[in-house]
Amino acid sequence: MFEFHLDHVDTSSSARLGRFVTPHGVVETPCYMPVGTRGTVKAVWPHELKAMGAQMILANTYHLAIRPGEHVVKALGGLHRFMNWDGPILTDSGGFQVFSLAELRQMDDDKVVFKSHVDGSLLELTPERAVQIQEDLGADVIMCLDECPPHDAPLKRLEEAVDRTTRWAFRCKEAHRREDQALFPIVQGGTNPELRARSIEGLLPLDAPGYAIGGLSVGETPESMYETLDTTTPQLPAHKPRYLMGVGRPIDLIEGVLRGVDMFDCVMPSRNARNATAFTSRGQVKMRNLKHLTDDRPLDPECNCPCCQQFSRGYLRHLFQVKEILGPMLLSVHNLWYYQQLMRDLRSAIRANSGQAFRRDHLARQSADP
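Computed from a predicted model, the values in this text were never measured in an experiment.

Another aspect to go through is the side chain of threonine 22. With respect to the helices and strands, threonine 22 occurs in strand E2 (residues 16-22). Filtering out sequence-adjacent residues up to four positions away, threonine 22 remains in contact with Met1, Phe2, Pro88 and Asp140.

Here we take up the pattern of salt bridges. Under the definition given, this model contains 26 salt bridges. Here lysine 240 makes a salt bridge to aspartate 207, at a shortest N to O gap of 2.5 Å. Of this pair, lysine 240 sits in the loop between helix H9 (222-232) and strand E14 (242-244) while aspartate 207 sits in the loop between helix H8 (193-203) and strand E13 (211-213); the two residues are 33 residues apart in sequence, bridging distant segments of the chain. Relative accessible area serves as the criterion here: at 55%, aspartate 207 is assigned to the exposed category. Beyond isolated ion pairs, a larger network of salt bridges with shared partners links Asp109, Glu147, Arg157, Arg164 and Arg167.

Bringing a positive patch on the surface into the picture now. Together, Arg38, Lys42, Arg67, Arg271 and Arg274 line one region of the surface with positive charge. Along the chain, arginine 67 falls in the loop between helix H2 (61-66) and helix H3 (70-75).

Paired through their backbone hydrogen bonds, the strands of a sheet run either parallel or antiparallel. With antiparallel pairing, 3 strands are arranged side by side in an open sheet as E7-E8-E9. Taken across any chain shown, the strands that pair with only one partner, and hence form the sheet edges, are strand E7 (105-107) and strand E9 (122-125). Taken over all neighbouring pairs, the strand axes of this sheet differ in orientation by 15° on average, direction set aside. With 3 bridges connecting them, E7 and strand E8 (residues 112-115) associate as antiparallel partners. When the sheet's bridge partners are listed, glutamine 106 is paired in E8 with valine 113.

Turning to the packing of helix H14 (residues 326-351) against helix H15 (residues 355-365), a few remarks are in order. Viewed as axis vectors pointing N to C, H14 and H15 meet at an angle of 140°, and their least axial separation amounts to 8 Å. Our classification of the angle between H14 and H15 gives oblique. In this structure, H14 crosses over H15, and the sense of that crossing is right-handed. Counting all contacts with H14, which are made through Tyr338, Leu342, Asp345, Leu346 and Ala349, the residues of H15 involved are Gly355, Phe358 and His362. Of the residues assigned to the contact of H14 with H15, the class counts are 5 nonpolar, 2 polar and 1 charged.

Moving on, we come to the pairing of strand E16 (residues 277-280). Residues Thr277 and Phe279 line one face of E16 and the alternating positions Ala278 and Thr280 line the opposite face, and both faces are buried. The pairing of E16 with strand E17 (residues 283-286) spans 4 bridges and is classified as antiparallel. Note on E17: the bridge partner recorded for threonine 277 is lysine 286. In sequence, E16 turns back onto E17 through a hairpin of 2 residues.

Let us look at the environment of isoleucine 254. Mapped onto the secondary structure, isoleucine 254 falls in helix H10 (residues 250-258). For isoleucine 254, a relative accessible area of 0% gives the class buried. For the pair isoleucine 254 and arginine 177, spaced 77 residues apart in sequence, the C-alpha separation works out to 36 Å.

Interhelical geometry of helix H7 (residues 155-175) versus H8 gives an angle of 15° and a closest axis separation of 9 Å. Put simply, H7 runs roughly parallel to H8. In the crossing of H7 with H8, the sense of the turn from one axis to the other is right-handed. In this structure, H7 contributes Leu155, Leu158, Glu159, Val162, Asp163, Thr166, Ala169 and Phe170 to the contact, and H8 contributes Leu195, Arg198, Ser199, Gly202 and Leu203. Residue composition of the contact of H7 with H8, by class: 7 nonpolar, 3 polar and 3 charged.

Each value, and the rule that gives it
- Residues numbered from 1 in each chain as written.
- Predicted model: local features only at pLDDT ≥ 70, side-chain atom pairs only at ≥ 80, totals over all residues.
- Heavy atoms only, no water.
- Helix = DSSP H or I, 4+ residues; strand = E, 2+ residues; numbered from the N terminus.
- Contact = heavy atoms within 4.5 Å.
- Salt bridge = Lys/Arg side-chain N within 4 Å of Asp/Glu carboxyl O.
- Buried < 20%, exposed > 50% of the residue type's maximum accessible area, 1.4 Å probe, protein only.
- Patch = residues over 30% accessible without salt bridge, like charges linked within 9 Å, V, L, I, M, F, W, Y side chains within 5 Å.
- Areas by Shrake-Rupley, 256 points an atom, 1.4 Å probe, with all protein chains shown as cover.
- Lys, Arg positive; Asp, Glu negative; His and termini not counted.
- Charge placed at Lys NZ, Arg CZ, Asp CG, Glu CD.
- Pairing = 2+ DSSP bridges.
- Axes fitted to C-alpha atoms, helices over the stretch in contact; angles between N-to-C directions.
- Parallel < 35°, antiparallel > 145°, perpendicular 65-115°, else oblique.
- Left-handed = near helix turned anticlockwise from the far one by under 90°.
- Nonpolar A, V, L, I, M, F, W, Y, C, P; charged D, E, K, R; others polar.

The structure is reproduced here in structure tokens:
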């Protein structure tokens, strides 16, 4: 049910054009997946996601297990019906919450036990339980439970995380039953090239349908992340999709693509939108700035999203100043539209063997006063 067709590799970089075939449709890669952590991409309707060209979206195992519970989602027809999204869906395993909710969890070699951030109840995640929850949710791509350590963890801690993640991946595969779901293991190792190689070596025997790169965008510098990708992606199977988790800024997506990454997700476009920051072809725009008070220009004259086609910067600033919910809604649509257009343009550049030129042009167009 899952195939990855590698159609073209850019001659100026390691960027790849591909098609990832899933039970709910074909995903053209490289792609950016909007994040719908709790079963919704915040402030955006599913039909708006379709209109902007989103192909695949992401939801989170930990959060959906807490509320409403995977049994509720299953009873209501699985995530696709629950969310009214008929395209592919990927679910994270809850492994990132090992990092982000470190103060609310206890972990050993067998499991992670979370204290719910909602009501204090306990959620126990073993590799087997993480797979079972995701099978009940019904996503197309599911993730192995992993340990995501902070970027500044000592070497011994990073080694332990790599080895634990590898052991858990084999337990996840043993527990996995549904043939209509692809199970991806996750490469860890921080920014240490030897540990990344050790992680990959341990996971390759799984012969998984795809491999994820975790443990980045957790506080390390962009340069360290790029250097890690330089040594990591060439060691992953060329004939399978490569997914960089939780990344990132537009330039991070471009740099990742040029290094051979196929799939991305990040909350940044939605979160920044709710905080009145827009991504545009000329750089970031802070909508609360006074200079936009009487600005009749569209947010981005090069964007054809509904926000840019119908509303002025002055109006958008007004919405945020008076705390009208339409402001975050419009900016969320714009930012996600911008990310989808960025990936479309990147795919065109790869097809033309001009990935490096695309990067140079993007950086040249970024303005201090967009």
